[in-house]
Protein chains: 2
Amino acid sequence: MCPAKVTGGKPRGWIIPIGGGEKKVSSSTILSRFAELSGGDDARIVIIPTASQLDDAGHRYETVFGEMGVRRIDIVDLDTRESCEDSGQLALLGRATGIFFTGGNQLRLSTTLGGTSAAQTIRRGNAVGVHVAGTSAGAAFICEHMIAVGKSGPTPKRGMATLSPGLGLTNRIIVDQHFRERDRIGRLLTALAYNPFATGVGVDEDTAAFIGPDDVIEVFGSGGLTIVDPSDLVHSTMAETHQGKPVSLIGIKLHILIAGDTYDLATNTALPAAAQD
Amino acid sequence: MCPAKVTGGKPRGWIIPIGGGEKKVSSSTILSRFAELSGGDDARIVIIPTASQLDDAGHRYETVFGEMGVRRIDIVDLDTRESCEDSGQLALLGRATGIFFTGGNQLRLSTTLGGTSAAQTIRRGNAVGVHVAGTSAGAAFICEHMIAVGKSGPTPKRGMATLSPGLGLTNRIIVDQHFRERDRIGRLLTALAYNPFATGVGVDEDTAAFIGPDDVIEVFGSGGLTIVDPSDLVHSTMAETHQGKPVSLIGIKLHILIAGDTYDLATNTALPAAAQD
């Protein structure tokens, strides 16, 4: 799936991958920024707990957003492909100003929502201004190219990351989450090495990349955001190497950003917080 | 990568995955149809042999297209990422009316062209009418989601197909080639099961799917085209199953098409040759 076509003059909504493990309290800068963007008290937030198998996955966020003053919060149970065609659920998605995917298993999201009217409604909404956030598995799912599963470790190896089509709100980035906590730079490098056209975004726990309609990322939260920019890659052995073997990559650029820093995906430029206007 | 935005009133060029092993003679209905679409005698055909490591990969096609009367044929050696930024090569790509990718290894294409000006030029060209064909590895590469490597066999199993971002001329389909010859229905089903939003197109050897600007596929050549339509999928165990284990999929639709048949990707409708106007 590709970014839905923008139909009017409305800017795209924000796209917000969160690294998982974010503080689920009303003082969270990540969750409160999402609620504010979505309209604050007047927001209509829809929570999608599909990735999780825990009964209370959606309710914890409902409580936090409620404590922030958001009055209209719905948990939409998209647990089967049939439910992704339900007119009542689609109406709730269609009215949302902000949509939030919980964590769990990203393949549950792609196999349940992929190709359904629910996915189409979210894509069209985002194209005309609805903000879409996802944490952990939800973060992996929102992009065009999703890391479905993979192995830990620093050195990229062929086959270390398994890609799947995701929701497709953007194809400029490939996201990996729980980034330092689960030692995932190797699998993100592997995913990028298959085709070095995208930018890698490794998101630590309790950290988020707020990607604006202008494709500038703003970092929020207590951890780091690792940007892997392969645009100057000059050499790669990915095509020649065997499954499970290390891959040589020459010319990757790396930035570690923290709260307040920004990264412009259109120009591949990182700016420290101190340099902001 | 996603289909480049169409900038004017010009229709998109044809997208033509060929299953490999096509007859490299001037009587080939596949190669002659491609040459005709590209302008016949007045065509400007560019051949990209990047996928292959054989020196004569491009020259065999140059000879055949020449025998058909095409006067302007260039072999563009995009063998390094640096060469994909070369202004001379880009000028040739920019003037082409038809672009042809040879077979070989699709990861050589994605790792060499991915994110470069050459890839961008081809994408922009196709969006305004340049026809792009690829055989074997070239067929795999031209779509947004490319099967990079995989295993043979009829039953889909988790991990049986490794996906990579491709050139991205369309994301409506996932292509597999040498389809019956290498027993690949299992890996195509696996690729679709990760996210059942796309349509699977399995292309036998000496067979091609000519995908028009209206997203209707016309079948050419001596073999079969297998369409795998997961749009009515009701059940999938992909998210729960373990690596290497079989996947249950209920509700897949299958069509086997031959030369003259068509398939409309927008409406998921197959029409036999006899029913054409």
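Residues numbered from 1 in each chain as written. Chains lettered and ligands numbered in written order. Predicted model: local features only at pLDDT ≥ 70, side-chain atom pairs only at ≥ 80, totals over all residues. Heavy atoms only, no water.

### Side note on the interface of chain B and chain A
Each side of the interface is counted separately: chain B has 35 residues, and chain A has 35 residues. Counting the surface lost from both chain B and chain A, the interface buries some 3,000 Å², and carbon and sulfur atoms represent 59% of this. It is B:Arg81, B:Pro165 and B:Tyr194 that lose the most area in chain B upon contact with chain A, and together they represent 19% of the buried surface on that side. Ionic pairing is found between A:Glu240 and B:Arg108, a salt bridge with its closest N-O pair at 3.3 Å. At the boundary of chain B with chain A, the tally comes to 14 residue pairs in polar contact (both at pLDDT 80 or more). (Contact = heavy atoms within 4.5 Å. Buried area = accessible area lost by both parts, 1.4 Å probe. Salt bridge = Lys/Arg side-chain N within 4 Å of Asp/Glu carboxyl O. Polar contact = N/O pair within 3.5 Å; in protein donor to acceptor, adjacent residues only side chain to side chain.)

### Let's talk about the relation of the copies chain B and chain A
Rotating chain B by 180° and moving it 0.0 Å along the rotation axis overlays it on chain A with an RMSD of 0.0 Å. When the rotation and shift are considered jointly, the pair of chain copies conforms to a two-fold rotation axis. (Least-squares fit on C-alpha atoms with pLDDT ≥ 70 in both.)

### Description of the nonpolar core
Counting residues in each nonpolar core, the largest one holds 124 residues, and the members touching the most others are A:Ile99, A:Phe101, B:Ile99 and B:Phe101. Residue contacts for B:Phe101: discarding those within four places in its chain leaves B:Ile48, B:Leu109, B:Leu113, B:Ile122, B:Val132, B:Ala133, B:Gly134, B:Thr135, B:Gly138, B:Phe141, B:Ile142 and B:Leu167. B:Ile16, B:Ile18, B:Ala43 and B:Phe210 belong to the second largest nonpolar core, which has 20 residues in total. (Core = buried A, V, L, I, M, F, W, Y, C linked by side-chain atoms within 4.5 Å. Buried < 20%, exposed > 50% of the residue type's maximum accessible area, 1.4 Å probe, protein only.)

### Here's the deal with the environment of A:Thr102
Residue and element names in this part refer to chain A. By secondary structure assignment, the location of Thr-102 is in the loop between β4 (98-101) and α4 (106-113). With a relative accessible area of 2%, Thr-102 lands in the buried category. If sequence neighbours within four positions are ignored, Thr-102 has contacts with Ile-47, Ile-48, Pro-49, Ala-51, Ser-52, Ala-57, Gly-58, Tyr-61, Thr-135 and Gly-138. (Helix = DSSP H or I, 4+ residues; strand = E, 2+ residues; numbered from the N terminus.)

### Looking at the sheet that holds strand β8 (residues 173-177) of chain B
Hydrogen bonds between backbone atoms are what pair the strands of a sheet, whose relative direction is either parallel or antiparallel. Residues and elements named next belong to chain B. Strand order in the open sheet formed by 4 strands is β8-β9-β12-β15, and the pairing between neighbours is mixed. Edge strands, defined here as strands with exactly one partner in the open sheet, are β8 and β15 (253-257). Along the sheet, successive strands turn relative to each other by an average axial angle of 15°, direction set aside. Pairing of strand β9 (residues 199-203) with strand β12 (residues 225-229) involves 4 bridges; the strand directions are antiparallel. Its bridge partner lying in β12, Val-201 is registered against Ile-227. The strands touched by helix α7 (residues 185-194) are β8, β9, β12 and β15; relative to β8, the strand with the most contacts, the crossing angle is about 160°. (Pairing = 2+ DSSP bridges. Axes fitted to C-alpha atoms, helices over the stretch in contact; angles between N-to-C directions.)

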